[in-house]
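Residues per chain are reported as follows:
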Amino acid sequence: MLDFNGKVLLLTGANGGIGRSIAKVFFDLGAHLVLSDLGEDSSSGGEGFVRELDPSGRRVVFVPADVTQREDCDALAKVCRERFGRVDFLVPGAGIYRDQLVETMSDDQWRQTIEVNLNGVFHCCRAMIPLLRDGGSIVTLTSVAAHRGSYQHAHYSAAKGAILSFSRSLALELAPGIRVNTVSPGLIETGMIQHRLEKEGASLVEPTPLRRLGQPEEVAKVVAFLCSDWASFITGETVQVNGGLYIAG
Ligand SMILES: NC(=O)c1ccc[n+]([C@@H]2O[C@H](COP(=O)([O-])OP(=O)(O)OC[C@H]3O[C@@H](n4cnc5c(N)ncnc54)[C@H](O)[C@@H]3O)[C@@H](O)[C@H]2O)c1
């Protein structure tokens, strides 16, 4: 059993499907959590989730932040410093996934996807690095779209591809004290792929050899493993969690 007692996790996109699972897994392993997502005026509703997870409010705090805003990420770091004095684990998980062909993609559509999925990760990592202790760990989230491309998702695919090389570069910069790895999910059953499920139905899982969608907890457990001492000699790596979608022809 992994033990995160006394460790501090900062997680963005914390009220999403995968984010909530990561929060639950780390909470159950004893960690203190700084959970962040868009604020109450958005559809996020992250504060309600935090009250459910930790009614005592002793181990979990919710901090609204828009990761596209540098100031929000800096403010997030300030909360971590004031409340816990440090961060042990950073998972910059916020993301958006919109369908659009390149030919008809507006500048705004391109920029928004890059802003959230790539610049947001940069903003969070830069703000948190001074708070990360030796023995700490960053786990970024990319996608099978980064490796194989994705029809109607060139902007998403490009951002997630950049996350791979950003994370490897950061692993070199932060060694030997801090490990940096990436988890690359395939199709995971969350709100993010709801529109594709509605459109494509059961055929959506056909290319996946395990013939089902992944569950958010199956991603969260790999994130926890990579943060833990069980992964103490792993850095700059990418772990595929996609039921074989990556290797399928
Ligand atoms: N679900 C999948 O199939 C899948 C596959 C591969 C990769 N991923 C990646 O996993 C991560 C989590 O995805 P998910 O499936 O939980 O999606 P989700 O849509 O359920 O959650 C994403 C969360 O990010 C938040 N967010 C969006 N824009 C933000 C911003 N500007 N600032 C702060 N928060 C913002 C949303 O409010 C939401 O809570 C994402 O990075 C996603 O790209 C998901």
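The structure under discussion appears in the preceding block.
Residues numbered from 1 in each chain as written. Predicted model: local features only at pLDDT ≥ 70, side-chain atom pairs only at ≥ 80, totals over all residues. Heavy atoms only, no water.

Focus: the environment of Gln112
Line of reasoning, step 1. Checked against the element boundaries, Gln112 lands in helix H4 (residues 107-128).
Line of reasoning, step 2. Gln112 sits 104 residues away from Pro216 along the chain, and the two C-alpha atoms are 24 Å apart.
Line of reasoning, step 3. Apart from residues no more than four positions distant in its own chain, Gln112 is found in contact with Ile96 and Arg98. (Helix = DSSP H or I, 4+ residues; strand = E, 2+ residues; numbered from the N terminus. Contact = heavy atoms within 4.5 Å.)

Overview of the nonpolar core
For soluble globular proteins, nonpolar side chains are generally found buried alongside one another.
Line of reasoning, step 1. Grouped together as the largest cluster of nonpolar side chains are 35 residues, with contacts concentrated most on Phe4, Ile22, Phe26, Leu33, Leu35, Val183 and Val223.
Line of reasoning, step 2. The element contributing the most residues to this core is helix H8 (residues 216-227), with seven residues.
Line of reasoning, step 3. Listed in part, the 31 residues of the second largest apolar core include Cys73, Ile163, Ala171 and Ile178. (Core = buried A, V, L, I, M, F, W, Y, C linked by side-chain atoms within 4.5 Å. Buried < 20%, exposed > 50% of the residue type's maximum accessible area, 1.4 Å probe, protein only.)

Here's the deal with unusual backbone geometry
Line of reasoning, step 1. Here the bond from Ala175 into Pro176 is cis, since omega is 5°, no more than 30 degrees from zero.
Line of reasoning, step 2. Tracing the sequence through the fold places Pro176 in the loop between helix H6 (154-174) and strand E6 (179-185).
Line of reasoning, step 3. Backbone geometry at Gln152 places phi at a positive 75°, although glycine is not the residue there.
Line of reasoning, step 4. With respect to the helices and strands, Gln152 occurs in the loop between helix H5 (144-148) and H6.
Line of reasoning, step 5. Judged by relative accessible area, Gln152 falls into the partly exposed class, the value being 26%.
Line of reasoning, step 6. The phi dihedral of Arg211 falls on the positive side, at around 55°, and the residue is not glycine.
Line of reasoning, step 7. Of note, Arg211 is situated in the loop between helix H7 (194-200) and H8.

Some words on the site of the ligand
Line of reasoning, step 1. In the vicinity of the ligand lie 28 residues, with Ile18, Asp37, Tyr156, Ile188 and Thr190 positioned nearest.
Line of reasoning, step 2. One of the backbone nitrogen or oxygen atoms of Gly17 is found 2.9 Å away from an oxygen atom of the ligand.
Line of reasoning, step 3. Here an oxygen atom of the ligand and a side-chain polar atom of Lys160 are 2.9 Å apart.
Line of reasoning, step 4. Across the complex, the protein chains shield 90% of the 830 Å² of accessible surface that the ligand would expose by itself.
Line of reasoning, step 5. Among the residues forming the shell around the ligand, the class breakdown is 14 nonpolar, 11 polar and three charged. (Near = heavy atom within 4 Å. Polar contact = N/O pair within 3.5 Å; in protein donor to acceptor, adjacent residues only side chain to side chain. Areas by Shrake-Rupley, 256 points an atom, 1.4 Å probe, with all protein chains shown as cover. Nonpolar A, V, L, I, M, F, W, Y, C, P; charged D, E, K, R; others polar.)

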